[in-house]
Amino acid sequence: MRILILTDRYPFDSAAAATGWFTQHVRSLSSFASVDVFCFLRVLPRVRHMLLRRGTHRPRLRPWRAVRTDGGATIQFLRSIVLPDSLSWALTATLIVVQHYPALARFCRERRPDGILVHFTHPSAEIALLLGRRFRIPVCIAANETIQVYRSEGKHRGIRWMRKRLERADAVITQCASHRKTMCDVIAHRRIHVLPLGIRAENLAVHPPDLPPIRCITVSRLDDRLKRIDASLSGLAYARREMQIDCVLTIAGDGLLRKKLERLARDLGIEEHVTFRGWTDWSRLPELYRRHHICLFASEAESFGLVYLEAVEAGLPMVVNQHAGVVAELHACSNAVVAIPESTGKEVGEAIARIAADYQAYRTAARIGRTRVFEQFSWDAHARRYEEFMRDV
């Protein structure tokens, strides 16, 4: 079996990437298929993206074309001159087609892939649908973003553009039950499949520090209000002031909202109890998680939520919004998940106090539930699901 993947998210430098799930995903597919990835690198990165990566992580100009192998897959990076998505998704898609359709058509004619997989419903979906129609290749679009995220960024034209491409795909891939429900509310498609991501099974050799204080951690990009980092800050203040809990918070991540969140911490009087760590390499996250006691992630909109699995990997109890991402599946696996009905400071603060009152029981439940989560969300299971799905398509 040969699979062609089109995306703009494959990391050029995997070692310094914000997340490693895409490389792990491609390696899983390579266990049963020959995989070719074409990643469209933008010549003019969005201003928002430039601001998100500071210092050594600022976007650098890459070669116009680069090819390498990674885990058995062939990765080709293609430079693309496009407009920011906020100006025109349709024109950006047209520019990608004009620049890269001839080369990709030649690839499909010579290699004859059995399926085309598009990750994120970005402008490369247009070129995938054209190739699929011309060469009679099924096109599957992995709708990794949530509709709420697009709306939060004001991209209403992007929502309409995305819906039309999803409706034309042979199959739509989601990553959890809640995301599938969201997609079903948006498009009427007969083939919407749930194919969750995986997580590495790391060794729990590093133990959390002694109590108190209760060390909480939040890992998120700081450019999306729906991540509700403000609720984590308000929850910490509530737990300290109203519940008399000695707790501190580390926030790993960076983005345009950082200064506003730092001001909020000062206004709440918890500045000395909050550490803004900034952008953190994903390979260092496991050790960072294990130096804490509780994971706070009150996000209201997730298509999956790798943060949940990263916390499970570290054996941490979690405070999460019950309506987001893969929370429902995790709650069935572990009694260490405190799922709050809404992301408010009061709810988060009371959840911190509940865990702190019987921390050892929650910690034990997290370690027991960890085994069950790995059985459900391992990369081996991910590969088996995708192989069955691709053969069916």
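Going by the structure above, here's the rest.
Residues numbered from 1 in each chain as written. Predicted model: local features only at pLDDT ≥ 70, side-chain atom pairs only at ≥ 80, totals over all residues. Heavy atoms only, no water.

Student: How should I be thinking about the pairing of strand 13 (residues 318–321) in this particular structure?
Tutor: On a regular strand, each side chain points to the face opposite its neighbour's, so the side chains alternate between the two faces of the sheet. Burial along strand 13 is two-sided: the residues Met318 and Val320 and Val319 and Asn321 are all buried. Looking at chain direction, strand 12 (residues 294–297) and strand 13 are connected through three bridges and run parallel. Its bridge partner lying in strand 13, Leu296 is registered against Val319. Between strand 12 and its parallel partner strand 13, the chain crosses via helix 11 (residues 306–313), and the hand of that crossover is right-handed. Pairing of strand 13 with strand 14 (residues 337–340) involves four bridges; the strand directions are parallel. Along strand 14, the bridge assignment pairs Asn321 with Ile340. (Buried < 20%, exposed > 50% of the residue type's maximum accessible area, 1.4 Å probe, protein only. Helix = DSSP H or I, 4+ residues; strand = E, 2+ residues; numbered from the N terminus. Pairing = 2+ DSSP bridges. Right-handed = clockwise from strand over helix to strand, strands pointing away.)

Student: Please explain the state of the cysteines as it appears in this structure.
Tutor: Chemically, a disulfide is nothing more than a covalent bond linking the sulfur atoms of two cysteines. Inspection of every chain in the model, using the stated rule, returns zero disulfides. With no disulfide partner, Cys295 has as its closest neighbouring cysteine sulfur the one in Cys216, 9.3 Å distant. (Disulfide = S-S within 2.5 Å.)

Student: Got a minute to help me understand the packing of helix 8 (residues 229–241) against helix 9 (residues 258–267) in this structure?
Tutor: Viewed as axis vectors pointing N to C, helix 8 and helix 9 meet at an angle of 15 degrees, and their least axial separation amounts to 10 Å. With respect to their mutual orientation, helix 8 and helix 9 come out roughly parallel. Considering only the axes of helix 8 and helix 9, their crossing is right-handed. Contact with helix 8, carried on its side by Ile229, Asp230 and Leu233, involves Leu261, Leu264 and Ala265 of helix 9 and no other residues of that element. For the contact of helix 8 with helix 9, the class distribution of residues is five nonpolar, no polar and one charged. (Axes fitted to C-alpha atoms, helices over the stretch in contact; angles between N-to-C directions. Parallel < 35°, antiparallel > 145°, perpendicular 65-115°, else oblique. Left-handed = near helix turned anticlockwise from the far one by under 90°. Contact = heavy atoms within 4.5 Å. Nonpolar A, V, L, I, M, F, W, Y, C, P; charged D, E, K, R; others polar.)

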